[in-house]
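Spelled out from the first residue to the last, the chains are:
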Amino acid sequence: KATVSVLYWVTENMDDWGSQPARRDEVVSRSRDTMMQRPGMGAGLGTAGMPSSQVGGGVMLDMDTFSQQAQGYTAHRDTSHYDYQAPQQQQQQHYQSPHLAHHADDSADMVLGLTNTKLINASLASSILGCLFILLLVGTQGYVLCFVHIVCTFGLAYAATLAREILEGDCGDVEMKNVASAIREAAEGFLSIQYGSIAKMAVCVTTVLFFAYLMRQQTPGLEINSFVLAVLTALSFVIGAACSAMAGYVGVWISVRANLRVAAQAVLGSVGGALQMSFRGGAFSAIVSACMCMMGLSLLYAIFHFIAVTCYGIPSNSVPLLLAGYGFGASFVALFMQVAGGIYTKAADVGADMVGKIDKNIPEDDPRNPAVIADLVGDNVGDCAGSMADVFESIAAEILGTMILAGSLSNEVKLETSYAQRYIFFPLVIHALDVLVSSAGIAAVKYKHTDSSPLSAMKRGYLLTAFLATILFTGVCYFMLYIPSYPNAWFRFWLCGMLGIATAFVLLFVCQYYTDYAYYPVRGIAAASVTGHGTNVIQGLAVGFESTGPPAIIISIDLAVAYYLGEGAFPSSPMTSGLFGTAVATMGILCTAVFILSMNNFGPIADNAGGIVEMSGQNEETRATTDSLDAIGNVTKAATKGYSVGGSAMAFFLLFRAFMDDVAAFSGEEFEVVNIAKIEVCT
């Protein structure tokens, strides 16, 4: 309701906005009166300089602040150019202390208070307690889970270090802080409403799951009391949903704070500082998301292992079947986060462009267009929160699917318990190493004056990450997958992993080729735009359709080769072994997921920084700096989407096989073939 109201009075009254101050104040006053008459909206309007509050399902922003910031801007609506005139007060204002805005929110103060000593002590204490808990529940077989827990603990400590470095950065002048504060308040208001709705639906789904498992028949091989099974499933669902929601929240938490620091670095003329600040902001949420996913799974596995194996005597190979609720909870939250955030960000983006660029012929992110705030908020709640929850779900589903498939493979091949446990824990170890190698790559991202583009610094970091991943992947494959009775199995699976790493590299290059302005496809679309809208649409559609071909071919080849390589690892069970080969190839693609996700989150932070610079009235050189980062951010976001599609397509076969294994375990009958040409009808 708030967005519709803002857009309505903007379209009706913007003609007089910049030229007549008295008329502008009248418009703002009438707009406030109109909104205050709407149910549940009036109390959200504060006075100038005071934070707005969340009321009745929406967040209203203070119009006086943006009214004052709009002074000094004039637009020639009959041409495609505009003149920028900064207010004299702003021209005379110098930068303040870097810590002016640090105490605007308590959560930032908490992070700033984390010294290196505190982080190290907390990491050691958490690692020791977590390992003792795991060993108490699982026994000596839990040493692999202890390793995963230690890596994740120190990964979270490194993420906290990145957050502290970001929050210690320069915050810019008062105008920049006002815009950033509005973005932060609106984003937090959106998340509070969204999470409230998700929580209500999650309670209903948890109740349905509990009673569904309470009334279902006992699964052969899982002789667990129905009540206990229902409690375990409901508990895993709640934990998965909570961790996925937290992953989305931390993505927005850091992005709405890093954007101001990135804008301040751009004003200071530091391209390298702006790049490093925005990239590390994206890296913080990526590391936290991956670590939370693995810590949740490892601790949940330890609890379920104790209940199922120790208390009920169920084979340890069947424990992963009990964790399906965790993936379901992650998927449940990711669905709403991705869809709701995606719809909001696109609606806000298109709405802001329509009212500004088309109706009033003013530039993008112009301060006279209040819809720009909604657009900038959408970058955070859509690209950051939605992507974080979605990737969290993808990693959780891929790990769970591989664990279930490894359990089925060990049953078919009759592996000893120790070897079976290694195969089951293999995906957890690979993603733990992802945190290690990606952290090294993140630390290596530094802009050099000899770089042709900020993207060059990220490429160096990715190459280092891929190189380290290749080395560690080899060691993990030999240590976790080597079996004396099948001496060549680990090597075949290692080849599948190398194929996955190569596939990820090729997919990223293909996506960059079709989205980077340095290559022909984008330049061709730009050239076609000179002759009109029609040629722009034709050329754009042609390039878009063409860009889907190479990834589809690459993924198909990867699937076929990985299945063939895995098929020969265990000749006695070729189908399951081949599918496990595709699972290892998928892990090869995702073993650098943290670094790739950091590149994805870099985009919306850089975009927000550009909006803050424009709306706060900075000079054209500053805007040029943020525009260059924004253009690179569009490339990295597109590359990440292609990367995600490739990983999802690879994981599809893995997850479907895990579903078939679960159905077979529940029914007690083999389920090997799905014939879509023959529809089974029950009479």
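Check the entry above for the structure.
Since the structure is predicted, the reported quantities are computational estimates derived from the model, not experimental observations.

The rules behind the values
Residues numbered from 1 in each chain as written. Predicted model: local features only at pLDDT ≥ 70, side-chain atom pairs only at ≥ 80, totals over all residues. Heavy atoms only, no water. Salt bridge = Lys/Arg side-chain N within 4 Å of Asp/Glu carboxyl O. Helix = DSSP H or I, 4+ residues; strand = E, 2+ residues; numbered from the N terminus. Buried < 20%, exposed > 50% of the residue type's maximum accessible area, 1.4 Å probe, protein only. Patch = residues over 30% accessible without salt bridge, like charges linked within 9 Å, V, L, I, M, F, W, Y side chains within 5 Å. Areas by Shrake-Rupley, 256 points an atom, 1.4 Å probe, with all protein chains shown as cover. Core = buried A, V, L, I, M, F, W, Y, C linked by side-chain atoms within 4.5 Å. Contact = heavy atoms within 4.5 Å.

A. Region of the structure containing the pattern of salt bridges. Overall, the coordinates contain 5 salt bridges when judged by the stated rule. Between Lys-357 and Asp-353 there is a salt bridge, with the nearest N and O atoms lying 3.8 Å from each other. Here Lys-357 and its partner Asp-353 are both found in helix 11 (residues 324–359), 4 residues apart, which amounts to about one turn of the helix. Using a relative accessible area of 38% as the deciding quantity, one classes Lys-357 as partly exposed.

B. Representation of unusual backbone geometry. Positive phi, close to 55 degrees, is recorded for Asn-361, a residue that is not glycine. Residue classification places Asn-361 among the partly exposed positions, given a relative accessible area of 29%. We note that Lys-414 has phi near 65 degrees; this positive angle belongs to a residue other than glycine. Residue placement: Lys-414 occurs in the loop between helix 12 (371–413) and helix 13 (417–443). For Lys-414, a relative accessible area of 71% puts it in the exposed group.

C. Spotlight on a nonpolar patch on the surface. Taken together, the side chains of Ile-120, Leu-124, Ile-128, Leu-129, Leu-132, Ile-150 and Phe-154 make up a nonpolar region of the molecular surface, amounting to roughly 660 Å² of accessible area. Breaking the nonpolar patch down by element, the ones donating at least two residues are helix 6 (116–138) and helix 7 (143–167). With 5 residues, helix 6 is the largest single contributor of residues to the nonpolar patch. Tracing the backbone through its elements, the reader meets Ile-150 in helix 7.

D. The nonpolar core, seen in detail. Formed by 169 residues in total, the largest nonpolar core has its most connected members in Met-294, Tyr-423, Phe-426, Leu-428, Met-458, Phe-493 and Phe-570. Here this core takes 22 residues from helix 10 (residues 271–311), the largest share from any one element. Apart from the residues within four sequence positions on either side, Met-294 is in contact with Val-148, Cys-152, Ile-399, Leu-428, His-431, Ala-432 and Val-435. Ranked by size, the runner-up nonpolar core spans 5 residues in total, among them Leu-507, Val-510, Val-543 and Ile-554.

These values are about where atoms sit, not about what they do.
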